[in-house]
Amino acid sequence: MRASDIPEDFDHVLYTEEQVASRIREVAAQIDADYAGRDLLMVGVLNGAVMTMADLCRAMKSHMSMDWMAVSSYGAGTKSSGVVRILKDLTKDIEGRDILIVEDIVDTGLTLSYLVQNLRSRNPKSIEIMAMFRKPEAVTCPLDVKYVGFDIPNEFVVGYGLDYADKYRNLTDVATLAPHVYAS
Ligand code: 5GP
Ligand code: MG
Ligand code: MG
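Residues numbered from 1 in each chain as written. Chains lettered and ligands numbered in written order. Predicted model: local features only at pLDDT ≥ 70, side-chain atom pairs only at ≥ 80, totals over all residues.

### Considerations on the sheet that holds strand 1 (residues 10–15)
Defined as follows: One requirement defines pairing of two strands: DSSP has to find at least two bridges between them. Think of it this way: any DSSP run of H or I at least four residues long counts as a helix, any run of E at least two long counts as a strand, and we number them from the N terminus.
Ordered by their spatial adjacency, three strands build an open sheet running 1-9-8, and the pairing between neighbours is antiparallel. Looking at strand neighbours, the two that pair on one side only are strand 1 and strand 8 (157–158), the edges of this open sheet. With two bridges connecting them, strand 8 and strand 9 (residues 174–177) associate as antiparallel partners. For Val158, the partnering residue across the bridge sits in strand 9 and is Ala175.

### So, the environment of Asp39
Convention followed: Two residues form a contact once the distance between their C-beta atoms, set from the backbone, is within 7 Å.
Take Asp39: it is sitting in the loop between helix 1 (17–34) and strand 2 (40–46). Once the C-alpha coordinates of Asp39 and Ile127 are considered, the two residues, 88 residues apart in sequence, prove to be 12 Å apart. Other than its neighbours up to four places away in sequence, Asp39 contacts Arg97 and Asp98.

### Focus on the confidence of the model for the protein chain
What counts, and what does not: Each residue carries a pLDDT score, the predictor's own confidence in it, on a scale running from 0 to 100.
Put simply, the protein chain has an average pLDDT of 93, and 95% of its residues get 70 or more. Scored as a whole, the predicted complex attains pTM 0.94, and scored at its interfaces, ipTM 0.96.

### Some words on the site of ligand 1
Just so we agree on the cut-off: Should the C-beta atom of a residue, placed from the backbone, lie within 6 Å of a molecule or strand, that residue is near it. Classification used: nonpolar for Ala, Val, Leu, Ile, Met, Phe, Trp, Tyr, Cys and Pro, charged for Asp, Glu, Lys and Arg, polar for all others including Gly.
Neighbouring ligand 1 are 19 residues; Asp107, Thr108, Leu110, Thr111 and Leu162 lie closest to it. Secondary structure elements with two or more residues in the shell around ligand 1: strand 3 (65–74), strand 5 (98–106), helix 3 (110–120) and strand 8. Counting residues per element, the shell around ligand 1 draws most heavily on strand 5, at four residues. Of the residues belonging to the shell around ligand 1, the class tally is nine nonpolar, six polar and four charged.

### A few points about unusual backbone geometry
Spelled out, the test is: For the exposure call, what matters is how many other C-beta atoms sit within 10 Å of a residue's own: 20 or more marks it buried, 12 or fewer exposed, and in between partly exposed, using C-beta atoms placed from the backbone.
The peptide bond linking Leu46 to Asn47 adopts the cis configuration, its omega dihedral lying at -5°. Backbone geometry at Ala165 places phi at a positive 50°, although glycine is not the residue there. Tracing the backbone shows Ala165 in the loop between strand 8 and strand 9. The class of Ala165 is partly exposed, set by 13 C-beta atoms lying within 10 Å. Positive phi values are uncommon outside glycine, yet Tyr168 reaches one of about 75°. Along the chain, Tyr168 turns up in the loop between strand 8 and strand 9.

If you want it as structure tokens, here you go:
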């Protein structure tokens, strides 16, 4: 669905479906160039990174493999709980592999710091991060995010995989919510 299908739910649109698609093609080209001739395993973080992974890997012109992890960081609300738990682990060994973590958004960087540390202990050849969105607070964390879709303001956004109370993931635009949505 598009933001215009239920305009009453949104405050403003940050990026349209078309802008997201165009940026995805640019990042895919960068990844193609950087990983040419290598054996790339892209690790998506469920559920938020589903759309980014699906579009990014299809926009690439080279081979890749895919695996998924699920971690909990936020609950149903909009504030970080500060607790990271692995809910679903990788299905295969990553020792000696080139890993690219695909994440929806970096806010405090807490979730990704934990993930990188966890995956590093499994001795991959390399680990890099692609995040579709990055918030200002992310600069305070030492995390090196190699590929960023968009740097966004410090607002809670939904769409393109990002949820509020597990809704709005299927919004193709990226938008902020109207206040009444939080109240209901
Ligand atoms: P961090 O650990 O970097 O603070 O938070 C990362 C996770 O929090 C993201 O993977 C995402 O699930 C959630 N998150 C952070 N900011 C937003 C936001 O603006 N919108 C939504 N829907 N989720 C967010
Ligand atoms: Mg996420
Ligand atoms: Mg969420």
